[in-house]
Amino acid sequence: MTEKCALANAGLDESHIADYLAGQPDFFVRHPQLLDALRLPHEQRGSVSLVEARMERQRQRIHQLEEEITQLMTVAGENERIFRVYLDLYPRLFDCRTPAELEQRIAHALRERLRVTAVRLVPDARWCSLPKAQPGEQLEKLYRERMAGQDVYLGRLGREEKQRLFGDSLVNSCALIRIGTQGEMGLLAFGSADSSHYRSGMDTLIIRQLAGFLALLLPRMVEHGHP
């Protein structure tokens, strides 16, 4: 007769026993002899007592927590490094006189320190008369078909979209950020050769802040008529 059949004949099942033990935390205090008498199967040692099994479980949990702490420290260190790159970049953008200079300085900082393959700053021609501004219809199409009303898009682009934004640069994932409340000032685009560098769900706080900063700088350039 199997254990389950024996329990069934007694009008019990495993859940009843589990519920009882869970509600009686001092059960093994009242029956200490069971701690050594009961044995649990173990992959390496054949079988172990309940005390040994609990200690092994605690060691595994401690090891898991140590790994999680190490991962969190690694992520925190990387986030601090990225934050410092942007923090160093902002003062350098004040000296820029044209969108092209803005794009160049952002690209230099991110390529050198963050392994970003390509950067594009694309002013919208409907908002300004700056040379090389992107026709509003093209940006609107990208907003409509790729960003679907979102302020930020993270992921991959089609071949024609990549060619239009990044030319011949090797880009396998990208971040697109609208500049202005509704993207009326244009688009900031980052491209990476790493297909997983920009992906859905990642934090966008820093790149949103950069787009907000550019939204303050670009009107000044238009006002002063810088080409």
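As shown above, the structure is provided for reference.
Residues numbered from 1 in each chain as written. Predicted model: local features only at pLDDT ≥ 70, side-chain atom pairs only at ≥ 80, totals over all residues. Heavy atoms only, no water.

In this fold, arginine 146 is placed in helix α7 (residues 136–147). Spatially, the C-alpha atoms of arginine 146 and glycine 158 are 9.6 Å apart, while their sequence positions differ by 12 residues. Not counting the four nearest positions on each side in its chain, arginine 146 is found in contact with Lys141, Tyr153, Arg156, Leu157, Gly158, Glu161 and Leu176. (Helix = DSSP H or I, 4+ residues; strand = E, 2+ residues; numbered from the N terminus. Contact = heavy atoms within 4.5 Å.)

Let's shift gears to the packing of aromatic side chains. The tally for this structure, following the rule as stated, stands at three aromatic pairs. When the centroid spacing of 6.5 Å and the interplanar angle of 20 degrees are considered together, the rings of phenylalanine 190 and tyrosine 198 count as stacked. Both residues of the pair, phenylalanine 190 and tyrosine 198, belong to the buried class. Ring pairing ties together the aromatic residues Tyr90, Phe94 and Phe213, which thus form one cluster. (Phe/Tyr/Trp six-rings, centres within 6.5 Å; stacked < 30°, edge-to-face > 60°. Buried < 20%, exposed > 50% of the residue type's maximum accessible area, 1.4 Å probe, protein only.)

Before going further, it helps to spend a moment on helix α8 (residues 159–166). Regarding α8, the residues found buried are Glu161, Leu165 and Phe166. The arc that holds the buried residues of α8, viewed along the axis, is 95 degrees, so those residues lie on one side. Those residues of α8 that are exposed and angled more than 90 degrees off the buried face are Arg159 and Glu160. Directly after α8, the chain includes glycine 167, whose backbone phi takes a positive value near 65 degrees. (Arc of directions from axis to C-beta.)

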